[in-house]
Amino acid sequence: MATVELRFSAQPEHVRTARLVAAAVARRAGVDEAVLDEVRLAVGEACSRAVGLHRSHGITAPVRVVLTEDEKNFSIEVGDGVTGTGGGAAGGAASDAPEGASSGDLYDGDAEGEDEMGLAVISGLVDDVEVTTGDDGGVIRMSWPTTTAVTLS
């Protein structure tokens, strides 16, 4: 299992770099070329959401992006570091974004509408997505099959 980890300060200009790295690693992992734009867009939305949450909550810790390649899947986790937020999702409980906890359940803030829109875009782009929150903050986990997984099936 190969892993690449990015950490960047919560500045909007760093989101583009995260998108480019995610697309390059996804291509190397064997994600279908037709899906790479979806990977790029989903990572951009997740990172923009994390940057917005960091800025609105005054968090100085970096945004964390973990890209993991295994035999059948390529996954990306974007962590926002927003801890101690009350809400509907119990700490560490996973849910699918479309039917599960909305951002309003996970975070209270002025950017709630933007946050929900970002999650809606991500769930429209990615079939396998989970939104969780816990002691280390919120995490959006997205995964795509690799072409080797499709060939083996």
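In this text the structure is predicted, and so the values were computed from the model without any measurement.

As for the nonpolar core
Val39, Phe74, Ile76, Val78, Met142 and Trp144 are the most contacted members of the largest nonpolar core, which has 33 residues in total. Contributing elements (two or more residues each) for this core: β1 (2–8), α1 (15–29), α2 (36–57), β2 (63–69), β3 (73–79), α4 (112–125), β4 (128–134) and β5 (137–145). Top element by residues in this core is α2. It accounts for 8 residues. Apart from the residues within four sequence positions on either side, Val78 is in contact with Ala46, Cys47, Ala50, Val63, Arg64, Val65, Gly138, Val139, Ile140 and Met142.

With respect to the pattern of salt bridges
If you walk through the whole model with that rule in mind, you get 6 salt bridges. For Arg27, the salt bridge identified is with Glu33, shortest N-O distance 3.0 Å.

Let's talk about the sheet that holds β4
Strand order across the open sheet formed by 5 strands is β1-β2-β3-β5-β4, with antiparallel pairing between neighbours. Because the sheet does not close on itself, it has two edges, and the strands there are β1 and β4. Adjacent strand axes in the sheet meet at a mean angle of 15 degrees, parallel and antiparallel pairs treated alike. Here α2 sits on the sheet in contact with β1, β2, β3 and β5, set at roughly 20 degrees to β3.

Quick word on the pairing of β5
With 7 of 9 residues buried, β5 is to be regarded as a mostly interior element. Both β3 and β5 contribute to a ladder of 7 bridges, which runs antiparallel. Paired with Glu77 across the strands is Arg141, a residue of β5. Taken together, the 7 bridges between β4 and β5 define a ladder with antiparallel strand orientation. Each residue of the ladder has a partner; that of Val131, found in β5, is Ile140. The hairpin formed by β4 and β5 contains 2 residues between the paired strands.

Points about α2
Turn by turn, an α-helix covers 3.6 residues, leaving residues three or four places apart pointing in a common direction. A rise of 1.5 Å per residue sets the reference length of α2, with its 22 residues, at 32 Å; its end C-alpha atoms lie 31 Å apart and thus fit the reference within 8%. Listed as buried for α2 are Leu36, Val39, Ala42, Val43, Gly44, Ala46, Cys47, Arg49, Ala50, Val51, Leu53 and His54.

Things to note about the confidence of the model for the chain
Per-residue confidence for the chain averages 81 on the pLDDT scale, and 75% of its residues sit at or above 70. Mean pLDDT values for the elements of the chain range from 40 in helix α3 (residues 103–106) up to 96 in β2. Below a pLDDT of 50 lies the segment residues 85–110, which in the model reaches 59 contacts outside its immediate sequence neighbourhood of four places, other chains included.

Let's talk about the environment of Glu45
Within the secondary structure, Glu45 sits in helix α2. Overall, Glu45 belongs to the partly exposed group, its relative accessible area being 29%. Expressed as a C-alpha distance, the spacing of Glu45 and Leu119, which sit 74 residues apart in the sequence, is 7.8 Å. If near-sequence neighbours (up to four positions away) are discounted, Glu45 is found in contact with Gly118, Val121 and Ile122.

Basis of the calculations
- Residues numbered from 1 in each chain as written.
- Predicted model: local features only at pLDDT ≥ 70, side-chain atom pairs only at ≥ 80, totals over all residues.
- Heavy atoms only, no water.
- Core = buried A, V, L, I, M, F, W, Y, C linked by side-chain atoms within 4.5 Å.
- Buried < 20%, exposed > 50% of the residue type's maximum accessible area, 1.4 Å probe, protein only.
- Helix = DSSP H or I, 4+ residues; strand = E, 2+ residues; numbered from the N terminus.
- Contact = heavy atoms within 4.5 Å.
- Salt bridge = Lys/Arg side-chain N within 4 Å of Asp/Glu carboxyl O.
- Pairing = 2+ DSSP bridges.
- Axes fitted to C-alpha atoms, helices over the stretch in contact; angles between N-to-C directions.
- Expected span 1.5 Å × (residues − 1).
- pLDDT = per-residue confidence, 0-100.

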